Structure formats: C-alpha cells, structure tokens
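Architecture at a glance
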Amino acid sequence: MMERLLTVTGPDLGRHLTRHGELPLRGPARPGSLGPLADEIAAAGLRGRGGGWFPTARKLAAVAAAAGSRPPVVVVNAMEGEPLSAKDARLLTVAPHLVLDGAALAAETIGADRVILAVPVGGLGPMLRGVVTERARRGIDPVSVEVVEGPDRFLSGQESALVRWIGGGPAIPTAKRPFEQGVGGRATLGSNAETFAHLALIARHGASWFRSVGTAEAPGTMLVSVSDPDIRVLEVPVGTPVGAVTGPAPAILLGGYGGAWLPGDQARELPLAPEPLQAAGATLGAGIVSALPYGACGLRRTAAIAGWMAGQGARQCGPCLFGLPAVAGDLALLADGRATRTDVDRLCARTGLLPGRGGCAHPDGVARLVGGALRVFGDEVEAHLHGHCVETLTYRRAS
Amino acid sequence: MELRIDRIACDGAGLCAEILPELVTLDEWGYPIIEDARVGPGRRANARRAVTLCPRLALRLADSRQRTSAEGGAAPSGSRAA
C-alpha cells in the first residue's frame, strides 16, 4: 500500500497547505495553446482514472485545440454511479483540496475560466461548497469554481451525460463529444476526480517522481475499491497484483458492473493495470475488485447486476431499450433454474449483439459482464440447466 | 466510404435493411446490425438512397477515418467516470 493521494488532510486548507504546499500555478496559457504544465503531464504518462485510461495530455491538447475563441470549461467528475466504486467519495473526503488544486492547474493549462465539480446528490456537496468558499476567500483558485449535485444514477457520470445535465438537459448520453461541444457549447475537459489529484501532485513533484511507481504504460498509483464483501478503498501502485488487495475467492469481478468475472486464482495473479486485464478478457475500469464469496452463485449474482444495469439504461437506443432487458430476463431465468438449453443459446446470441450498437458503451459493459459470466461459470450453467444451484441448494426440473 | 448510424436517433424503422439488404440486417426488435460498414463504389447510389429515406435521419455516409462516440468510435475521453 502506498499513500500519495489518501493522506488525510480533510476540508481544512491549513492542513492541506502544510502537507502539500502552495498551489504551483505557472501562469496562464496563451489563447489556443497549452500551458507549460502540459509537457510535464505528458512526460508523466498520466492516464484518466475514470475507467477509460485515456492519456490525459492528449485530452488536454484536444480540448485546447477545439476551444477556439471561447475559453473551455473543466468538469471534475466525481459522480461515481458504479455501486462497487467508493474511491471518488473517499478521495474527496480525505483530500478535497488536492482534487481542486488539480482542477485549477488543468484550467490554467488549457486556458479555461470555469471549473465545475460534480458529485451525486445527497453526499459531499455541502462540505465541498464550504471548501470552495474557503479557497475563494483566500484567493487560491485563478478561475471560478462551483459544486453541482447530479442525479445518483449509473449513467450520470458518463461524460457526455454529465455535460448534458450540467447544461440543463437530462443526465443521459449524447452523440456530442464534450471535448468539442461540452458545457454551454464550449470545449470541455471532463475527467475523473482522481485524475485531477494526480495532476496536482505531478505539478508539485514532477514526471519522474510520478513514474517512480506503477507500470511503464500506466505510471503512478491508483485508487482501488475492493469489496469482499464490505467496500474498502486502497491506494496501490498500478500493476500491483489483484491477489495483494483481496484474498482467495471462487471468482473475482474486475472493473465493476460493466467489467468481467475471472476465476479467483487466475484473477489474483494478474496485475491491476489496464492492458493486462484487457488481454485477460476483463477490464480495470475505475479500479474495482469484487470477490464472489464462497458458497455464492456467480450466475445469480450476475443476473442481479444485469437486471439492475438494464434498469439504469438511458433507453435511447435499441440495445438499451430491448437488448438489455431481454438479456437480463434470460439470465434471470437461468439463475432461477428455469431455463432450457434453447434459452441459453438465445441468451448467448442476444449478448453477442449488444456491443458496438448502443448510443454509449453501457450495453458493451453488460455484454462483457454476462458473456464473461457464461464462460467463467460454465459449470454453474450446466448445473442450473439441471435445476441445481450451489447457493440455494434447491433442485428443480427445468421445464 | 462507411455507413454510420446514430444509434440514439434510430428507432428501428428498418428501411435501411430493405434498401441495403447485403449491408444491413435487423435484430429481433428491428434495429440494424452492420457486420461490415464499408460501402463499395457499386453500392453507393443505394446507400445514398437509404440515407435520404431514413425517417429519423439516423444514417449517413462518412469518410472511413472520422468517428463520433455515439457511433461506437473512440473519442478522446474516458467512457464513464464511475
């Protein structure tokens, strides 16, 4: 375990300044170009911690290039709609100033004049407003900063959905690309809260310090939400084996509700890094590791998640309106021991038609989850077809 | 050239599959499935007709290099921020 981000300073500005020092502003960027911190971020190899792991320097450049004559906007995304993730709330609780420092530095780098910090309603909003007010009183931030509280739904944190909601629309994805046409039609840098916290430390300690831990492809530390079954948030170097954060389990879900199950022994050998997990058929996502308890049925657990995910869709495209409920329904049938082999074949076919056909990546995530479950829990599928479930220990004849 | 679908605009009318059966098939709810989006020179006239006739204006012919997120391409963004 390693503490770069999770050192507790809390909302107190004095404690933050004692621990991390002054905000290292470098002077505003010239219009249409990037500020000097951009090179340091590129050298550090910082990648977005919201699940996409997209190179932050490239995103900064894309926003600055798309900005034109109107200053861009920075959106700090801490919506954390994924039920198995707790890292953003934890980070904003223990180190809110670090996140806001990163947002101010990013704003300076791309020439933005406005920072919006988005959190789910009913959570940290009031505390964060106090933090923002105190920073304004002390003249810390060179740009305006506001806290908004969005709907607590799975898709609310999807970048285009969040930008649309901030602009007064519904919190569902659009075809518009935020980096070109974001908040108020302006070019918008939307990144995860943790990404900004790393950025604030890179600005203070430099690229080689940042790269001194982690992997060559994904340097630095990362926050991990581990549920086995209670959720804990840990900070570890990227590349730390899954087995170092969670114990033996029959299966482990990596990447959360849009991630994938792997057999426990295989998962525990793998490094927590985006490319290796992708190669293994899973995903690192926002750093989610969830262990299936011994004696629990992976199919039942997956059916419950798929059902929830079907209800969390934006209902804008065919796969979301029809595909997800159908897949969730088929899987529920199987989990209940009421499916025939024909139903399972239909489930596989329907799952295979979800990826790449949605208005956003929500159906792709469900396809990865369900497709992976059918492979990893293959023995369970056979048992369920014969009316047997490891968890409920009931025997039923499939009709 | 490639055939692109705005998945949010599409409501499964299915005209594209009637006009371009060799390119577009439909799933069980009538929404398009495109295995290979490339449109060869011989099919461009029909593809343009499909683009014009789509009642939701959800179809377009595009240069193979450009993509937008709603069409399944990679925008420079983390997908969701969960």
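Reading the values: rules and limits
Going along each chain's sequence as written, the residues are numbered from 1 onward. Each chain takes a letter, starting from A, and each ligand takes a number, starting from 1, following the order in which they are written. Since the coordinates come from a predicted model, pLDDT governs what is reported: local features require at least 70, and pairs of side-chain atoms require 80 or more to be given and counted, while whole-chain, interface and lining totals use all residues. Strands are runs of DSSP state E lasting at least two residues, helices are runs of H or I lasting at least four, and both sets are numbered from the N terminus onward. Both definitions apply: the radius of gyration is a C-alpha atom measure, and the globule rule equals 2.2 Å times residues to the power 0.38. We call a residue exposed when 12 or fewer other C-beta atoms sit within 10 Å of its C-beta, buried when the count reaches 20 or more, and partly exposed for counts in between; the C-beta positions come from the backbone. The contact criterion used here is simple: two residues whose C-beta atoms, placed from the backbone, lie within 7 Å are in contact. Domains are outlined according to an automatic or database domain assignment. Just so you know the grouping, Ala, Val, Leu, Ile, Met, Phe, Trp, Tyr, Cys and Pro go in nonpolar, Asp, Glu, Lys and Arg go in charged, and all remaining residues, Gly too, go in polar. Following DSSP output, two strands are said to pair if at least two bridges run between them. Inter-axis angles, ranging from 0 to 180 degrees, are taken between N-to-C directions of lines fitted to C-alpha atoms, where helices are fitted over the stretch in contact. Here is the rule for angles: anything less than 35 degrees is roughly parallel, anything more than 145 is roughly antiparallel, 65 through 115 is roughly perpendicular, and the remaining ranges are oblique. Each crossing is labelled by how the near helix is turned from the far one, with a counterclockwise turn of less than a right angle marking it left-handed and a clockwise turn marking it right-handed. UniProt positions are given in the numbering used here, feature names are shortened, and annotations may be inferred rather than shown by experiment. The span one expects for a helix is its residue count, reduced by one, times 1.5 Å. Values of pLDDT, which run from 0 to 100, indicate the predictor's confidence residue by residue.

1. Section: the overall build of chain A
A tally of helices and strands in chain A yields 16 helices and 9 strands. The globule rule puts the C-alpha radius of gyration for 399 residues at 21 Å, and the 22 Å found for chain A is close to it. Taking all 399 residues of chain A together, the buried fraction comes to 58%. Taking contacts inside chain A between residues at least 6 apart in sequence as the whole, the part at least 24 apart equals 71%.

2. Here we look at the overall build of chain B
Summing up its helical and strand segments, chain B has 2 helices and 4 strands in all. Taken from N to C terminus, the helices and strands of chain B fall in the order β-α-β-β-α-β. Per-residue burial for chain B yields a buried fraction of 33% across its 82 residues. Looking at chain B alone, contacts between residues at least 24 apart form 59% of all its contacts between residues at least 6 apart.

3. A closer look at the domain arrangement of chain A
By a widely used convention, the size of an interface equals the accessible area lost when the partners come together. Residue and element names in this part refer to chain A. According to the domain assignment, chain A contains domain 1 (13–211), domain 2 (222–292) and domain 3 (298–395). Taking only C-alpha atoms, the centre of domain 1 and the centre of domain 2 are 26 Å apart. Contact with domain 1, which involves 13 residues of that partner, is made by 15 residues of domain 2. For the side of domain 1 that touches domain 2, the residue count by class is 5 nonpolar, 3 polar and 5 charged.

4. Thoughts on the pairing of strand β6 (residues 231–237) of chain A
Walk down a regular strand and you will see the side chains alternate between the two sheet faces. Bridge analysis of strand β5 (residues 221–227) of chain A against β6(A) gives 7 bridges, and the strand direction is antiparallel. Pairing of A:Met222 across the sheet is with A:Val236, part of β6(A).

5. Examining the packing of helix α2 (residues 37–44) of chain A against helix α3 (residues 56–67) of chain A
All names here are of chain A. At a minimum axis distance of 8 Å, the contact between α2 and α3 shows a crossing angle of 145°. Contacts between α2 and α3 involve Ala38, Ile41 and Ala42 from the former and Thr56, Ala57 and Leu60 from the latter. Here the contact of α2 with α3 is composed, by residue class, of 5 nonpolar, 1 polar and no charged.

6. Concerning the packing of helix α12 (residues 298–311) of chain A against helix α13 (residues 318–335) of chain A
All names here are of chain A. α13 packs onto α12 with a crossing angle of 155° between their chain directions and a minimal axis gap of 9 Å. Between α12 and α13, the angle is such that the two are roughly antiparallel. Of the two elements, α12 crosses α13, and the hand of that crossing is left-handed. Facing α12, whose interface residues are Leu299, Arg300, Thr302, Ala303, Ala306, Gly307, Met309 and Ala310, α13 presents Leu324, Pro325, Val327, Ala328, Leu331, Ala332, Leu334 and Ala335. In terms of residue class, the contact of α12 with α13 is made up of 13 nonpolar, 2 polar and 1 charged.

7. What about the sheet that holds β6(A)?
Hydrogen bonds between backbone atoms are what pair the strands of a sheet, whose relative direction is either parallel or antiparallel. Residues and elements named next belong to chain A. What the 5 strands build is an open sheet, ordered β6-β5-β9-β7-β8; its pairing is mixed. Strands with a single pairing partner mark the edges of an open sheet, and in this sheet they are β6 and β8 (260–263). Averaged over all adjacent pairs, the angle separating strand axes in this sheet is 25°, with direction ignored. Against the sheet, helix α15 (residues 362–376) engages β7 (251–254) and β8, with an angle of about 20° to β8.

8. Structural notes on the UniProt feature "domain: NADH-ubiquinone oxidoreductase 51kDa subunit FMN-binding" (unreviewed entry) in chain A
Mapped onto the present numbering, the UniProt feature "domain: NADH-ubiquinone oxidoreductase 51kDa subunit FMN-binding" (unreviewed entry) falls at residues 41–199 of chain A. As annotated, residues 41–199 of chain A comprises 42% helix and 15% strand, and the C-alpha atoms at either end are separated by 7 Å.

9. Some remarks on the pairing of β7(A)
Residue and element names in this part refer to chain A. Residues Ala251 and Leu253 line one face of β7 and the alternating positions Ile252 and Leu254 line the opposite face, and both faces are buried. Pairing geometry for β7 and β8, over 4 bridges, is antiparallel. In the sheet register, Ala251 faces β8, and the bridge partner there is Pro263. The antiparallel hairpin formed by β7 and β8 contains 5 residues in its connecting segment, where Gly255 sits at a positive phi of about 95°. Bridge analysis of β7 against strand β9 (residues 288–291) gives 3 bridges, and the strand direction is antiparallel. What sits directly across from Leu253, in β9, is Ser290.

10. Details of the sheet that holds strand β1 (residues 73–77) of chain A
Residues and elements named next belong to chain A. Here 4 strands make up an open sheet; going across it, the order is β3-β2-β1-β4 and the pairing parallel. Either end of the sheet is taken by a strand with one partner, and the two such strands are β3 (144–150) and β4 (188–192). Between one strand and the next, the sheet's axes are offset by a mean angle of 20°, whatever the strand orientation. Note that strand β2 (residues 114–120) and β3 share 7 bridges and pair parallel. Across the sheet, the residue bridging to Ile116 is Glu146, located in β3. With respect to the sheet, helix α8 (residues 193–205) is in contact with β1 and β4, its orientation differing from that of β4 by roughly 95°.

11. Overview of α15(A)
For α15(A), with 15 residues, the first-to-last C-alpha span of 21 Å sits near the 21 Å given by 1.5 Å per residue. In terms of burial, α15(A) is largely enclosed, as 13 of its 15 residues are buried.

12. Some words on α12(A)
Residue pairs three or four apart in sequence face the same way in an α-helix, which turns once every 3.6 residues. All names here are of chain A. Over its 14 residues, α12 runs 20 Å from end to end, which matches the ideal 20 Å to within 8%, given 1.5 Å per residue. In terms of burial, α12 is largely enclosed, as 10 of its 14 residues are buried. Turning to α12, its buried residues are Gly298, Leu299, Arg300, Arg301, Thr302, Ala303, Ile305, Ala306, Met309 and Ala310. Looking at the buried residues of α12, the elements they touch are β7, β8, α13, α15 and α16 (378–385).

13. Here's the deal with the confidence of the model for chain B
Residue and element names in this part refer to chain B. Looking at chain B, the pLDDT average stands at 83 and 78% of residues meet or exceed 70. Element-level pLDDT for chain B is lowest in strand β4 (residues 59–62), with a mean of 93, against a maximum mean of 97 in strand β2 (residues 24–26). Under a pLDDT of 50 for its full length, residues 69–82 has, in the predicted model, 64 contacts with residues more than four places off or in other chains. Overall fold confidence (pTM) sits at 0.92, and the ipTM for the predicted complex is 0.83.

14. Describing the environment of B:Asp11
Tracing the chain through its elements places B:Asp11 in the loop between β1 (2–5) and α1 (15–19). Separated by 39 residues in sequence, B:Asp11 and B:Ala50 place their C-alpha atoms 15 Å apart.

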